[in-house]
Amino acid sequence: MISDIPAYTIAVGQPAKVLKVREIERDEAPGFSDFLAHIRNQPISAPNAVGAQIGQRAFITACLSAGTDFRMGEDGILIGQKNENNEGGIVAGQHVSLGKQVILEALGGIRIGDATRIGDDVLIMTTTHDYGLLSLPQLRRPVSIGSNVEIGHGSIVIGGVTIGNGATILPGSLVIRDVKTNETVSGVPARPCLHDGMNSWN
């Protein structure tokens, strides 16, 4: 960001550009204390995965179910228990690997297919807010990631997105829309490109 963002606007990009002014219903001021208390009170979990390799200083409160050969790098954070409607948590296939300092916020649910690699410093968020209300109530948006997907380091994936089998997300991308099968995307926000694979992974 290189300039101020006016109140009640929506901005995106690098540098950030204002997309539009929010049309809001003034119900009440936002309050996040209940949400933060919910996160802090989640129990530390052990992954339900055969032979999982978990890096040092990992913090896992998510309901995590994974196939064989699940690997997670150092300093990773996995958050997201299932709620009363069985929404939330992480379901991963076989041979899935997460890099260092990955953050998966899975209150809305994250599904990851077989042989998918998620690079270092990737952030996946499945919660957002109803920006039509001043109180910003929480919304849960699941993320579905196919098999044989590569998500490059430093990328961000926003809730409600589906990433097709064989897709490649180049490093530093912001994924706010669905990615098609075998498609390569890059940029902020991410758009299709002609690049065949990644030059740099970590």
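Here the structure is shown first, and the text comes after it.
Bear in mind that the values here come from a model prediction, so they are computed numbers and not experimental data.

As for its position among the elements, glutamate 105 is in strand 10 (residues 103-105). A distance of 2.8 Å separates a polar atom in the side chain of glutamate 105 from the backbone nitrogen of leucine 107. Residues contacting glutamate 105, with those up to four places away along its chain left out, are Ile79, Ile110, Ile124, Met125, Thr126 and Thr127.

Below, the discussion takes up the pairing of strand 2 (residues 17-21). Of all 5 residues in strand 2, 0 are buried; the element is thus mostly exposed. By the bridge criterion, 4 bridges tie strand 1 (residues 9-12) to strand 2 in an arrangement that is antiparallel. Bridged to isoleucine 10 within strand 2 is lysine 20. Hairpin connection between strand 1 and strand 2: a loop of 4 residues separates the two successive antiparallel strands, and glycine 13 in this loop has a positive phi of roughly 110°.

The next subject is the sheet that holds strand 9 (residues 97-98). Taken together, 8 strands build an open sheet; the order of strands is 3-6-9-12-17-20-22-23 and the sheet is mixed. The sheet is open, and its two borders are formed by strand 3 (53-54) and strand 23 (191-192), each paired with just one other strand. In terms of strand pairing, strand 6 (residues 71-72) meets strand 9 through 2 bridges, oriented parallel. Paired with methionine 72 across the strands is leucine 98, a residue of strand 9.

Taken together, the side chains of Ile156, Ile158 and Ile176 present a nonpolar region at the surface, about 190 Å² in accessible area. Tracing the backbone shows isoleucine 176 in the loop between strand 21 (174-175) and strand 22 (184-186). With relative accessibility at 36%, the residue isoleucine 176 sits in the partly exposed group.

What follows deals with the layout of surface pockets. Its volume calculated, the largest pocket comes out at about 460 Å³. Lining the largest pocket we find 15 residues, and of these Ile10, Thr128, Tyr131, Ile158 and Ile176 sit closest to its centre. Those elements that place two or more of their residues in the lining of the largest pocket are strand 1, strand 13 (123-125) and strand 14 (127-129). Broken down by element, the lining of the largest pocket gets its largest block of residues, 4 residues, from strand 1. Broken down by class, the residue content of the lining of the largest pocket amounts to 9 nonpolar, 4 polar and 2 charged.

The rules we used
Residues numbered from 1 in each chain as written. Predicted model: local features only at pLDDT ≥ 70, side-chain atom pairs only at ≥ 80, totals over all residues. Heavy atoms only, no water. Helix = DSSP H or I, 4+ residues; strand = E, 2+ residues; numbered from the N terminus. Polar contact = N/O pair within 3.5 Å; in protein donor to acceptor, adjacent residues only side chain to side chain. Contact = heavy atoms within 4.5 Å. Buried < 20%, exposed > 50% of the residue type's maximum accessible area, 1.4 Å probe, protein only. Pairing = 2+ DSSP bridges. Patch = residues over 30% accessible without salt bridge, like charges linked within 9 Å, V, L, I, M, F, W, Y side chains within 5 Å. Areas by Shrake-Rupley, 256 points an atom, 1.4 Å probe, with all protein chains shown as cover. Salt bridge = Lys/Arg side-chain N within 4 Å of Asp/Glu carboxyl O. 1 Å grid on protein atoms, 1.4 Å probe; cavity = no way out; pocket = protein on both sides within 12 Å on 5 of 7 lines; lining within 4 Å. Points joined across faces, edges and corners; volume = space filled by probe spheres on them. Nonpolar A, V, L, I, M, F, W, Y, C, P; charged D, E, K, R; others polar.

In short, geometric facts, not functional conclusions.
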